Every structure is written in structure tokens, then in C-alpha cells.
Amino acid sequence: MLDAIYRAARGRISTLAAGLTDDQLRIPVPATPGWSVHDVLAHLAGGAADVLAQRLDGAPGEYWTARHVAERRERTVGDLLDEWEHASPAAEASLPERFTGPNLAADVICHEGDLCEALGLPRTDREHWQPFLDVLGRLPGRLLGDTATLVISDELGQQWRCGSGESVTTLRADGYELMRGLFSRRSRNQIAGWDWSPEPSAQLVDSFGVFGHRDDDQPIPAC
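Note that the structure is predicted; figures quoted are calculated from it, not measured. (Residues numbered from 1 in each chain as written. Predicted model: local features only at pLDDT ≥ 70, side-chain atom pairs only at ≥ 80, totals over all residues. Heavy atoms only, no water.)

With that settled, the discussion passes to helix H3 (residues 37-53). In this model, H3 (17 residues) spans 24 Å end to end at C-alpha, consistent with the 24 Å of a helix rising 1.5 Å per residue. In terms of residue burial, H3 counts as a mostly covered element, since 15 of its 17 residues are buried. Just downstream of H3, Gln-54 is the residue with a positive phi angle, here 55°. (Helix = DSSP H or I, 4+ residues; strand = E, 2+ residues; numbered from the N terminus. Expected span 1.5 Å × (residues − 1). Buried < 20%, exposed > 50% of the residue type's maximum accessible area, 1.4 Å probe, protein only.)

Structure, rendered in C-alpha cells:
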């Protein structure tokens, strides 16, 4: 499944990237390490190329991803997309069947959202990111343990019950926003502003975000 998700996301991003202007390629992408749109494309191509070359020392840490960007800073978008296409079969073959932790399929879905939000585009379709939300929705419970219980539901009625404590908090939120928050793409302030009952503790808010919490508000795309 993840190989097909990765392949389809690469196709969508490649089509988008091929039509961008130089000014658009220089747009800063929120929630990244100061990257531009071009830099995100460089990272995506570089990750696949490193899988092909088995150059995985430091993956998936900051040094590994920064190297992707630094090595490709002067390359054209066409060069990046060609490299990504060439390395994509190896990247797809490296993926597990289902999402259980960090991998290139989760990375590309996360960065597709980053690109759309940076460029002011609508959110991506639910079918593209639903498999990741299914798993990440259980993330807060791993941090809560037996101290509290959190019941999360989205606009479609999908529900996750997290934690096992007697104190129960409910959260109702849009599925896309949940997914972005769980990918550490929403700030503490934005997460605290969701529909909680009662108001969440700081511990609950900080239980969101596979890459840790953030304090800078992020752009929220149109539906």
C-alpha cells in the first residue's frame, strides 16, 4: 500500500513542481528548517536517491536531510524531478506494506501538505493521507499512559481512544487538521483552539506531534 501512496504523491508533486515559477520556487515553506519550495523538492529527490545508493548514514535525522538540500541547491527543478523519478522504484521497494513509523511515504505526504500550504493551495484529498491519520490518531495515548483518557473524533465520526486514566477529555477536530497536528504541523496555540471538552491540559496539547511540539502558527488551507 505505501509504495502506491508514495508513487501517487510523487506524481502529484512532480506535476505541481513542473509548473512553478522561479518566484514560487523561492517561497519559504513553513514548518521546515528554513527551506524554500525548491529545497523541499531537493530533499524529496535526495531521500529517494540515498535509498537507491544505500547512503543512509544519519537517516532520517537533520544532517541527512540538510545534505539533500545542500547538494542540490544549484540544480534545476527538471533535474530534481528526473533524479526523483529514477530513484523512485528503489524508494518504493524499501517501504513496508503498512505505516508503523517514519518512512519515505509518510515523509512525502507530510511535505506535500507543506508545499500546498506554502503555495496557498487547497488541502490534499483525504484518501491520500487517511492511512497515516489512522495510525497517528493513537499517538497521544502513548504519551498519556494511565494518567488520563483522551477520546478524539473527526468530522466523519472516526474515533480514537487514547490513554487509560479516569480523567476523560474529548476532542472533536477536522481530520485534516488532526493529521497535520499529529505531523507537528500545527502550533500549541492552534491545537489548543480545537473543540476540546474540558479545556486541555498542557500535557494533552503537547502529546500531539510525532516530531515534537511547535509554537509558530502554521497556514491553514481551504477545504
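Its place among the elements puts Ser-187 in the loop between helix H9 (175-182) and helix H10 (188-192). A relative accessible area of 0% places Ser-187 in the buried class. As a C-alpha pair, Ser-187 and Asp-79 span 108 residues in sequence and 34 Å in three-dimensional space. Beyond its immediate stretch of four places on either side in the chain, Ser-187 contacts Arg-214, Asp-215, Asp-216 and Asp-217. (Contact = heavy atoms within 4.5 Å.)

The subject of this paragraph is the layout of surface pockets. Of the volumes computed, that of the largest pocket is approximately 870 Å³. In this structure, the largest pocket is lined by 38 residues; those nearest its centre are Pro-60, Pro-102, Asp-107, His-111 and Phe-211. Residue assignment for the lining of the largest pocket shows that the elements contributing at least two residues are H3, helix H4 (62-71), helix H6 (104-118), helix H7 (126-136) and helix H8 (139-144). The leading source of residues in the lining of the largest pocket is H6, at five residues. Taken together, the residues of the lining of the largest pocket break down into 21 nonpolar, twelve polar and five charged. (1 Å grid on protein atoms, 1.4 Å probe; cavity = no way out; pocket = protein on both sides within 12 Å on 5 of 7 lines; lining within 4 Å. Points joined across faces, edges and corners; volume = space filled by probe spheres on them. Nonpolar A, V, L, I, M, F, W, Y, C, P; charged D, E, K, R; others polar.)

Scored by pLDDT, the protein comes out at a mean of 92, with 98% of its residues at no less than 70. The least confident element of the protein, judged by mean pLDDT, is H8 at 80; the most confident is helix H2 (residues 22-25) at 98. (pLDDT = per-residue confidence, 0-100.)

Our next topic: the packing of aromatic side chains. With the rule as written, the count across this model stands at five aromatic pairs. Seen in terms of ring centroids, Trp-129 and Tyr-176 are 5.8 Å apart; in terms of plane orientation they differ by 70°. Their pairing is edge-to-face. With a gap of 47 residues between them, Trp-129 in helix H7 and Tyr-176 in helix H9 connect regions that are remote in the sequence. There is no split in this pair, since Trp-129 and Tyr-176 are both buried. On the basis of an interplanar angle of 80° and a centroid distance of 5.6 Å, the ring pair of Trp-194 and Phe-208 is categorised as edge-to-face. With Trp-194 in the loop between H10 and strand S4 (195-197) and Phe-208 in the segment after helix H11 (202-206), this pair connects stretches of sequence that are 14 residues apart. Pair check on accessibility: Trp-194 and Phe-208 agree, each one buried. Members of the aromatic cluster, joined through ring pairs, are Trp-194, Trp-196 and Phe-208. (Phe/Tyr/Trp six-rings, centres within 6.5 Å; stacked < 30°, edge-to-face > 60°.)

With that settled, consider the pattern of salt bridges. Any two side chains of opposite charge can pair, on the condition that their charged atoms come close. Summed over the entire model, instances satisfying the criterion amount to 22 salt bridges. The partner of Glu-177 in a salt bridge is Arg-186, with the nearest N and O atoms 2.7 Å apart. Salt-bridge contacts for Arg-214 lead to Asp-216; the nearest nitrogen and oxygen are separated by 2.9 Å. Assessed through its relative accessible area of 37%, Asp-216 is described here as partly exposed. Three or more residues joined by partner-sharing salt bridges are found here, namely Asp-50, Arg-55, Arg-67, Glu-71, Arg-72, Arg-75 and Glu-83. (Salt bridge = Lys/Arg side-chain N within 4 Å of Asp/Glu carboxyl O.)

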